[in-house]
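# Structure assessment
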Amino acid sequence: MSYVAIKGGTDAINASKRLFEKRIQPEKQLPEKDLLTTLPHSCDRIIAEGALYSDALAVKALLRSGGDLLEAAFYLRAHRSTCRRAGIAKEINSDDIRITRRISSAFKDIDGGQILGPSCDYIIRLFQVQSSDGGKISDIAKTSVIRAPSALNNLRDRDMVLLLENTEGEAVDVSRQFPLPPYPRSALMQVMSRGETGSMLAFAYTSMRGYGDVHPTIGDLRTGMAAISFTHPFTDGKVKIGEIRTTFCETVGSFQRDPKDGKLRLSNGFGFCLGHNETRAISMSILDLAIHNQGYSMGGADIAANPEIIINHIDGIESMGFTNHFKLPHYVTFQADLHVLDKARSSCSD
Amino acid sequence: MNREDLNFYLQQTEPEQIIKLSTKIQAQHNVETLQRPVAQTLLLPVNDPVNHGKFYGGEILVVSVIVRVNQCEGWAMTMDTEQDTVFHMAVLDGAWASGIEQRAIAELVRSGKNNHHNRCCKEAAEVNATRVNFDLM
């Protein structure tokens with residue numbers, strides 16, 4: 001921080017930190033365990049954008065940042081970089097999760113049913129008092145956990161869905177090595193799964209509105225608990241470590257000619273995020289559709305279909321860092337700019 | 001019941017019960033810590049239905065411990081930042097491998113399994129109540 005080198009800079013910084021603490025009033029903050037239950041969507045967004053699943057740290061970050069979600073995600077991303085990696089968990093699959101919500105806009109009757117789950121979709125956004133109908137849940141003992149295959153599996157069984165060619169031997173991990181273009185699909189998907197929700201929504205929206213042609217149907221949107229498993233180091237057996245909240249979305253786009261055999265099949269996109277965030281998962285699946293399928297655009301400006309644009313511009317931590325770096329003193333460089341301007345003006349007047 | 005069941009189902013019991021049994025084992029047997037509770041991450045691969053491949057969807061914060069109980073190694077891993085119970089879980093894992101207190105450990109695991117089952121049933125009942133019944137339309 002350049003202010004440190006200036007006389008009195010350290011004192012000013014310390015005073016600024018004290019003033020910030022005074023502003024967010026940590027002594028009046030809600031207990032951490034209550035925050036997770038009362039603001040679960042804030043915590044989930046921090047977890048997803050921080051790319052580190054930790055309820056405890058998400059809550060801490062939310063408190064320390066005074067509710068700034070992007071700043072809070074920064075805390076998690078920074079903490080992640082200080083931890084040693086124990087290994088790779090067992091692969092999770094949307095078919096295996098314990099469903100808490102699952103809807104399809106493509107089919108009415110789907111295996112496993114349409115389950116609305118906990119959602120604010122059906123609440124009127126007005127500040128009037130909305131009382132619960134007080135309905136009681138009965139037959140708890142007779143109720144079994146819901147797991148269901150994707151609603152698109154039926155179409156896949158009928159060979160109606162495009163299957164993109166998988167040319168990657170191993171998935172890329174962008175947190176260790178960022179690939180060069182052409183970007184592997186796994187790299188794009190990883191970047192999108194930890195991208196900033198607003199950025200992804202905005203880019204997806206450009207395609208929906210006309211600077212692209214993705215206007216998908218939601219085949220299967222689900223939230224639920226996914227089991228996290230690892231290998232026991234002394235038995236080599238599969239051990240369940242815990243469960244995490246997840247969101248999966250499969251969307252169906254228009255039909256395309258399959259390059260493998262020339263047949264027409266439906267394109268499909270996939271979205272995933274840690275925590276519950278449907279808007280984000282839908283946006284990711286739209287971007288996936290736009291990037292990996294041939295589309296049409298107004299004036300050839302389909303920015304959502306450009307992998308270069310998407311992979312380099314949706315990370316919230318990176319874009320926030322770059323934006324906020326402009327607040328750092330640029331005294332010398334700006335003086336140089338002024339000097340150049342002076343020179344240019346005097347040359348023009350000559 | 002398998003040794004692999006211990007890690008998840010012990011987390012579903014009251015931590016006090018785990019600590020009590022672990023303390024008893026530590027008092028009667030030789031327990032050595034090989035790796036103290038340490039925060040680590042697990043990379044999470046996600047199945048990609050669009051190309052039957054996979055990608056990494058993020059990382060999970062975990063804490064793991066390794067102990068030795070009477071020449072048998074015990075291990076435990078929990079999610080998030082909790083570092084107290086995980087040590088005692090590793091002691092129980094090591095004890096199970098050494099053949100110590102297996103009946104008491106199995107009882108704890110059974111209780112954890114029941115707790116988890118009951119929680120899942122309660123959640124399922126609430127979720128199932130939101131199922132759309134198209135027959136009524």
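Keep in mind the model is a prediction, meaning the values are calculated, not measured. Each chain has its residues counted from 1, running along the sequence as written. Going through the entries in the order they are written, you letter the chains from A and number the ligands from 1. Selection of residues for local features in this predicted model requires a pLDDT of at least 70, selection of side-chain atom pairs for listing and counting requires 80 or more, and totals for whole chains, interfaces and linings are taken over all residues. Neither water nor hydrogens contribute to the side-chain values; these are computed over all heavy atoms in the structure.

This part is about the interface of chain B and chain A. In this complex, chain B contributes 55 residues to the contact, which on the side of chain A involves 78 residues. Buried area: the sum, over both parts, of the accessible surface (1.4 Å probe) that disappears when the two are put together. Summing both partners gives a buried area of about 5800 Å² for chain B against chain A, and 65% of it is carried by carbon and sulfur. The largest share of the area that chain B buries against chain A comes from Val-50, Tyr-56 and Glu-59 of chain B, three residues that together contribute 12% of it. What makes a salt bridge here is a side-chain nitrogen of Lys or Arg within 4 Å of a carboxyl oxygen of Asp or Glu, nothing more. Summed over the shared surface of chain B and chain A, the result is 4 salt bridges. Here Glu-59 of chain B and Arg-80 of chain A are joined by a salt bridge, their closest N and O atoms 2.6 Å apart. The term polar contact refers here to a pair of N or O atoms within 3.5 Å; inside protein, the definition further demands a hydrogen-donor-capable atom paired with an acceptor-capable atom, and it admits residues adjacent in sequence only when both atoms are side-chain atoms. Linking chain B with chain A are 27 residue pairs in polar contact (both at pLDDT 80 or more). Of all the secondary-structure elements, those providing two or more residues to the side of chain B that touches chain A are helix H1 (6–10), strand E1 (31–48), strand E2 (53–69), strand E3 (72–79) and helix H4 (102–128) of chain B. Any residue outside Ala, Val, Leu, Ile, Met, Phe, Trp, Tyr, Cys, Pro, Asp, Glu, Lys and Arg is labelled polar, Gly included; the first ten of those are nonpolar and the last four are charged. Grouping the constituent residues of the side of chain B that touches chain A by class yields 26 nonpolar, 17 polar and 12 charged. Note on pairing: two strands pair once DSSP finds at least 2 bridges between them. The helix count covers DSSP runs of H or I at least four residues long, the strand count covers runs of E at least two residues long, and both are numbered beginning at the N terminus. Relative to E2 of chain B, strand E1 (residues 52–53) of chain A is paired through 2 bridges, and the arrangement is parallel. Opposite Tyr-53 of chain A, over in E2 of chain B, you have Ile-60 of chain B as the bridge partner. We call two residues in contact when some of their heavy atoms are within 4.5 Å.

The next subject is the pattern of salt bridges. All names here are of chain A. The full count for this structure, using the stated rule, is 32 salt bridges over all chains. Among the ionic pairs, Asp-34 bridges to Lys-33, the shortest N-O distance being 3.6 Å. Using a 1.4 Å probe on the protein chains alone, a residue whose accessible area is under 20% of its type maximum counts as buried, one over 50% counts as exposed, and one in between counts as partly exposed. What makes Asp-34 partly exposed here is its relative accessible area of 27%. Among the residues examined, Lys-33 registers a relative accessible area of 64% and is labelled exposed. Close ionic contact of Glu-243 with Arg-98 constitutes a salt bridge, the shortest N to O distance being 2.8 Å. A residue pair is termed long-range when its members are at least 10 positions apart, and Glu-243 in strand E5 (residues 238–257) and Arg-98 in strand E3 (residues 98–103) qualify at 145 residues. In this structure Glu-243 comes out as buried when scored by relative accessible area, which is 18%. Bridged by salt links that share partners, the residues Asp-159, Asp-258, Lys-260, Asp-261 and Arg-265 form one connected network.

Residue and element names in this part refer to chain A. Disulfides are defined as cysteine sulfur pairs within 2.5 Å. Tallied over the full model, the rule gives 0 disulfides over all chains. Take Cys-83: it sits in no disulfide, and the sulfur closest to it among the cysteines is that of Cys-43, at 18 Å. With no disulfide of its own, Cys-273 has Cys-249 as its nearest cysteine by sulfur position, at a separation of 9.8 Å.

For the rest of this paragraph, the subject is the sheet that holds E3 of chain A. All names here are of chain A. Strand order in the open sheet formed by 4 strands is E3-E4-E5-E6, and the pairing between neighbours is antiparallel. Taken across any chain shown, the strands that pair with only one partner, and hence form the sheet edges, are E3 and strand E6 (264–274). Adjacent strand axes in the sheet meet at a mean angle of 25 degrees when their direction is disregarded. Lines are fitted to the C-alpha atoms to define the axes, a helix being fitted only along its stretch in contact, and any angle between axes, read from their N-to-C directions, falls within 0 to 180 degrees. Docked against the sheet, helix H3 (residues 40–50) engages E5 and E6, running at close to 110 degrees with respect to E6.

In this section: helix H11 (residues 316–324) of chain A. Residues and elements named next belong to chain A. Within the sequence span of H11, burial applies to Gly-316, Ile-317 and Met-320. Across the axial projection of H11, the buried residues extend over an arc of 95 degrees, all falling on one side. For H11, the exposed residues lying more than 90 degrees away from the buried face are Glu-318 and Phe-322. Buried residues belonging to H11 abut H3 and helix H5 (69–80). Backbone nitrogen of Ile-317 and a side-chain oxygen of the N-cap are separated by 3.1 Å at the start of H11; the cap is Asp-315. As used here, the arc is the angular range of directions from the helix axis to the C-beta atoms.

On to unusual backbone geometry, then. All names here are of chain A. Cis geometry marks the peptide bond from Pro-181 to Pro-182, where omega comes out at 0 degrees. Turning to its location among the elements, Pro-182 is positioned in the loop between helix H6 (153–157) and helix H7 (185–193). Unusually for a residue other than glycine, Ala-51 sits at a positive phi of about 60 degrees. Tracing the backbone through its elements, the reader meets Ala-51 in the loop between H3 and E1. You will see that Asp-236, though not glycine, has its phi angle at about 65 degrees, which is positive. Topologically, Asp-236 is positioned in the loop between strand E4 (217–231) and E5.

Residue and element names in this part refer to chain B. Running from amino to carboxyl end, helix H2 (residues 15–28) crosses helix H3 (residues 85–98) at an angle of 55 degrees, the nearest separation of the two axes being 9 Å. One way to sum up the angle between H2 and H3 is to call them oblique. Where H2 crosses over H3, the two elements pack in a sense that is left-handed. For the pair H2 and H3, the contacting residues are Pro-15, Ile-18, Ile-19, Leu-21, Ser-22, Ile-25 and Gln-26 in the first and Thr-85, Phe-87, His-88, Met-89, Val-91, Leu-92 and Ala-95 in the second. Residues that form the contact of H2 with H3 fall into these classes: 10 nonpolar, 4 polar and no charged. Under this scheme an angle from 65 to 115 degrees is roughly perpendicular, one under 35 degrees roughly parallel, and one over 145 degrees roughly antiparallel; angles in between are oblique. Helix crossings fall into two classes, left-handed where the near helix is turned counterclockwise from the far one by less than a right angle and right-handed where it is turned clockwise.

Residue and element names in this part refer to chain A. Split by domain assignment, chain A resolves into domain 1 (12–80) and domain 2 (94–119 + 140–323). Look at where the C-alpha atoms of domain 1 and domain 2 centre, and you get two points 27 Å apart. The partner domain 2 presents 19 residues to the 17 residues of domain 1 that form the contact. Buried area between domain 1 and domain 2, summed over both chains or domains, comes out near 1600 Å², and the portion from carbon and sulfur atoms is 57%. Of all residues in domain 1, the largest losses of buried area upon contact with domain 2 belong to Tyr-53, Leu-70 and Arg-77, amounting jointly to 37% of the total for that side. A salt bridge links Arg-45 to Glu-196, with the shortest nitrogen-to-oxygen separation between them at 3.1 Å. Applying the counting criterion to the domain 1 and domain 2 interface returns 7 residue pairs in polar contact (both at pLDDT 80 or more). Listing elements by their share of the side of domain 1 that touches domain 2, those giving two or more residues are H3, E1 and H5. Note that the domain bounds reflect an automated or database-derived domain assignment.

Residues and elements named next belong to chain A. For E4, the tally of buried residues reaches 12 of 15 residues, placing the bulk of the element in the interior. Bridge analysis of E3 against E4 gives 5 bridges, and the strand direction is antiparallel. If you follow Ile-99 over to E4, its bridge partner there is Gly-224. With 14 bridges joining them, E4 and E5 adopt antiparallel strand pairing. If you follow Ile-218 over to E5, its bridge partner there is Thr-251.

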